[in-house]
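Report on the structure
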Amino acid sequence: MSIRDLGLRVAATATPRATLRARLAFAGIPLAALALVVIAILASTQGAAAIPPWTATLMLLDRLPFVHLDTGASEAWQRILFDIRLPRVFAAALVGAALATSGSAYQGVFRNPLADPFLLGVASGAALGAAIAIMSPLPIDSWGFGWVPAFAFIGATVAVTSVYFVARTGAGVDDRSLILAGIALSAMFGGVTSFLLLTGGQKAQPIFEFIFGGFNTSSWERIAFAIPYLAVGATVIALHARALNVMQLDEEQASHLGVNVARTKVIVLVAASLMAATAVAVAGTIGFVGLVVPHAIRMMFGMDYRRTLLASALVGASFMIVVDLFSRLVIAPQEIPVGIVTSMLGGPFFLYLMRRRRAVGV
Amino acid sequence: MAAPRLEPAPLLEVRDLRVLIGARVLVDGVSLEVAAGEVVGLVGPNGAGKSTLMRAATGGRAGTGDIRVNGRALGTYAKRDLFRILAVVQQLPEAPATMTVRDLVLLGRFPHLGLLGRESARDLAVVEASIVRAGCEAFADRTLGTLSGGERRRAFIARALAQEPRLLLLDEPTANLDAEAHAEILALLRRLAGEGVGVLVVLHDLSYAAAYCDRMVLMHEGRLVVEGPPARVVTPEHIGAVYGRHVRVLTHPEGGAPLVVPAL
């Protein structure tokens, strides 16, 4: 290649996109955080009884320590905002953040952008685990630190381990094997869950929630139980952000840069499964969030996991709040289960991604 | 050339290396050394054990014998410490097609960063210097998917240089390159040796290897056949014994380096 050729090639492919990315990455995280706060407040004002956003903001500020504001809100508004709407918005935010973060982590470990807790069978594994816990004679104890999330975690781990061993190749994980293994496992776990539901009588009623994911039964208690698990999972994944960056290269190269590849994979998969399982224990199986959000983030922010993990969590939270809002408003007073909405949105997106990967080979 | 070395210990020292897979012997009692500032070419037919030897030298494959890096036994290194001294460019390394060259090179800083460490100004300076040393400055902001074969090789060499290695191991960095890119990569390795890096490189083209290497190591069926300056290694006897009757060794009309050509 001559120098002149080089010059031409550079001119032809000069990328203002790279600089745009850099700028977005710089301002992106504060912007995403701000958007999340605004969306959360707006969403908590919408519903059968609408609360003016400004009043809601004042009511929230009033709850801060050392702040006392005259909000003019009625007792009913207080109850609606703090006991009904906010737990729901919070739960949606946590679940959205958890699914997007775990999806992003799975994609890093599998070196495959199609990995998602739902498609991998992790969500249905967790749902089966939760169903088994519900049907067992073990005490459930109103969602406290009980057996439901523990069993969901076991189910999720079994699922991700099985998929990995079926689909792994030398360089990474083969698309088709990954998806097929995930489908087979989902069908299998879903079958057993349905069986438990059909034969379980009255006791099996909560299993419905796990099949059609949603936030209509959210409560502060359930949020409180979820936070420690999510915090542990998120911290572990965040500590491996730089190793995940290096693992975008092949495994041999990553190990030549000093990454303990086998150990990193196990740790990150377990942490991602913990987050996904907790999300399922809170809100049932909600598909495609872990696929759509990290993909959008990669397009906007590039591929440095130190940024994309946090950005995925923030945008995943906002996304889930918006989808939940849609699902409870669009045919009000009835609700559509959120899992159905994300599947209707995410399914076509997934097909598009597969098609594009075939065409471009990204 | 192979002048007497003054360094107390070579950067890489392999003694009596044997690597077995089951009952099959891949490397059978090979010894070699690489000192600072020299390019050592590892040559031999396919299946001679060259890649296996490279893997063993980085701890990626277990074997018996003694391997020392910078005078210290390989087994005593923590991984990250090892890869601050030694960098590897394997055969056909992979990276996402949408990654830019600069981001790839930045990943080479991994062994130097702490658990939470952000890249310091020095890290970024090393990245820029590595891009320049490997001759990637013209395409540093382009994505890997847009590069030519030679540019891509140089990008991965820049990534290795970002580790600030004293010893560089490359496995067939010139495979599938056109003649110009082939020569450019080897000239780059010579320049790096001139800066004091020790280079061990697996090559297939014996004429290029003879032209650019200080010393060559010829392997065949897991054994070391001969080792020394190109003129001593690339002789009709050795090449005939290893590669058969279909190649001949001539003398380059300019400079007299050995040339390996098809027998007519």
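Residues numbered from 1 in each chain as written. Chains lettered and ligands numbered in written order. Predicted model: local features only at pLDDT ≥ 70, side-chain atom pairs only at ≥ 80, totals over all residues.

Of regular secondary structure, chain B possesses nine helices and 12 strands. Against the 2.2 N^0.38 benchmark of 18 Å for 264 residues, chain B shows a C-alpha radius of gyration of 19 Å, consistent with a compact globule. Out of the 264 residues in chain B, the part that is buried amounts to 46%. Contacts spanning at least 24 positions in sequence make up 66% of the contacts within chain B whose residues lie at least 6 apart. (Helix = DSSP H or I, 4+ residues; strand = E, 2+ residues; numbered from the N terminus. Rg over C-alpha atoms; globule rule 2.2 N^0.38 Å. Buried ≥ 20, exposed ≤ 12 C-beta atoms within 10 Å, placed from the backbone. Contact = placed C-beta atoms within 7 Å.)

So, on to the sheet that holds strand 5 (residues 72-73) of chain B. Residue and element names in this part refer to chain B. Pairing in this open sheet of four strands is antiparallel, and the strands run 2-1-4-5 from one edge to the other. Pairing within the sheet leaves two strands with one partner each, and these edge strands are strand 2 (24-34) and strand 5. Note that strand 1 (residues 12-21) and strand 2 share eight bridges and pair antiparallel. If you follow Val 14 over to strand 2, its bridge partner there is Leu 32. (Pairing = 2+ DSSP bridges.)

For the rest of this paragraph, the subject is the sheet that holds strand 7 (residues 167-171) of chain B. All names here are of chain B. Here we have six strands laid out as an open sheet, ordered 6-7-8-3-9-10, and mixed in their pairing. The sheet is open, and its two edges are formed by strand 6 (86-89) and strand 10 (223-228), each paired on a single side. This sheet shows a mean twist of 15 degrees between the axes of neighbouring strands, independent of strand direction. (Axes fitted to C-alpha atoms, helices over the stretch in contact; angles between N-to-C directions.)

With 30 residues of chain B at the contact, the number on the chain A side is 23 residues. Secondary-structure elements contributing two or more residues to the side of chain B that touches chain A are helix 2 (79-85) and helix 6 (179-194) of chain B. With three residues, the single largest contributor to the side of chain B that touches chain A is helix 2 of chain B. Broken down by class, the residue content of the side of chain B that touches chain A amounts to 15 nonpolar, nine polar and six charged. (Nonpolar A, V, L, I, M, F, W, Y, C, P; charged D, E, K, R; others polar.)

Moving on, we come to helix 5 (residues 149-161) of chain B. Every α-helical turn comprises 3.6 residues, leaving residues that sit three or four positions apart pointing alike. Residue and element names in this part refer to chain B. Given a rise of 1.5 Å per residue, 13 residues ought to cover 18 Å, and the 19 Å separating the end C-alpha atoms of helix 5 matches this to within 8%. For helix 5, the complete set of buried residues consists of Gly 150, Glu 151, Arg 152, Arg 153, Arg 154, Ala 155, Phe 156, Ile 157, Ala 158, Arg 159, Ala 160 and Leu 161. The elements touched by buried residues of helix 5 are strand 6, helix 3 (101-107), helix 4 (121-133), strand 7 and helix 6. (Expected span 1.5 Å × (residues − 1).)

Here we take up the packing of helix 5 of chain B against helix 6 of chain B. Residues and elements named next belong to chain B. In the contact formed by helix 5 and helix 6, the axes pass within 9 Å of each other and the chain directions differ by 20 degrees. Between helix 5 and helix 6, the angle is such that the two are roughly parallel. For the pair helix 5 and helix 6, the sense of crossing is right-handed. Taking contact as the criterion, the partners of Gly 149, Gly 150, Arg 153, Arg 154 and Ile 157 in helix 5 are, on helix 6, Ala 181, Glu 184, Ile 185 and Leu 188. Its residues placed into classes, the contact of helix 5 with helix 6 shows four nonpolar, two polar and three charged. (Parallel < 35°, antiparallel > 145°, perpendicular 65-115°, else oblique. Left-handed = near helix turned anticlockwise from the far one by under 90°.)

Before going further, it helps to examine the nonpolar core. All names here are of chain A. Val 95, Ala 130, Ala 276 and Val 280 are the most contacted members of the largest nonpolar core, which totals 190 residues. By residue number, the principal contributor to this core is helix 4 (residues 75-110), which donates 18 residues. Not counting chain neighbours up to four residues away, the residues in contact with Ala 276 comprise Ala 98, Leu 99, Ser 102, Pro 117, Val 122, Ala 123, Ala 126 and Ala 156. (Core = buried A, V, L, I, M, F, W, Y, C linked by C-beta atoms within 7 Å.)

Here we take up the packing of helix 5 (residues 122-135) of chain A against helix 6 (residues 147-167) of chain A. Residue and element names in this part refer to chain A. Interaxial distance between helix 5 and helix 6 falls to 6 Å at its minimum, and their mutual angle equals 145 degrees. Considering how the two elements wind past one another, helix 5 and helix 6 form a crossing that is right-handed. Side by side, helix 5 and helix 6 meet where Val 122, Gly 125, Ala 126, Leu 128, Gly 129, Ala 130, Ile 132, Ala 133 and Ile 134 of the first sit next to Trp 147, Val 148, Phe 151, Ala 152, Ile 154, Gly 155, Ala 156, Val 158, Ala 159 and Val 160 of the second. Split by residue class, the contact of helix 5 with helix 6 holds 16 nonpolar, three polar and no charged.

Tracing the sequence through the fold places A:Ala130 in helix 5. As a C-alpha pair, A:Ala130 and A:Ile207 span 77 residues in sequence and 7.8 Å in three-dimensional space.

Time to look at helix 4 of chain A. All names here are of chain A. Under the 1.5 Å per step criterion, the end-to-end length of helix 4 is 51 Å for 36 residues, consistent within 8% with the ideal 52 Å. Of all bends in helix 4, the biggest is about 40 degrees, found at Arg 85, and the proline Pro 87 comes one to four residues later. Of all 36 residues making up helix 4, 27 are buried, and the element is well covered by its neighbours. Within two residues after helix 4, Arg 111 carries a phi angle of roughly 50 degrees, on the positive side. (Bend = angle between axes of the 7 residues up to and from the residue.)

Once that is clear, we can look at the pairing of strand 9 (residues 215-220) of chain B. Residue and element names in this part refer to chain B. Among the six residues of strand 9, five are classified as buried, and the element is accordingly described as predominantly covered. Where strand 3 (residues 39-43) meets strand 9, four bridges bridge the pair, whose relative direction is parallel. Directly across from Leu 42, in strand 9, lies its bridge partner Val 217. With five bridges connecting them, strand 9 and strand 10 associate as antiparallel partners. Its bridge partner being in strand 10, Val 217 is matched across the sheet by Glu 227. Between strand 9 and strand 10, which pair antiparallel one after the other, the connecting turn spans two residues, and Glu 221 there sits at a positive phi close to 50 degrees.

Across chain A, pLDDT averages 82, with 87% of residues at or above 70. When mean pLDDT is compared element by element in chain A, helix 14 (residues 305-329) of chain A scores highest at 93, while helix 1 (residues 3-13) of chain A scores lowest at 38. (pLDDT = per-residue confidence, 0-100.)

Residue and element names in this part refer to chain A. Take Val 122: it is sitting in helix 5. Taking the C-alpha atoms as reference points, Val 122 and Ser 255, separated by 133 residues in sequence, lie 28 Å from one another. Excluding residues that lie within four positions of it along the chain, Val 122 makes contacts with Pro 117, Ala 156, Ala 159, Val 160, Ser 273 and Ala 276.

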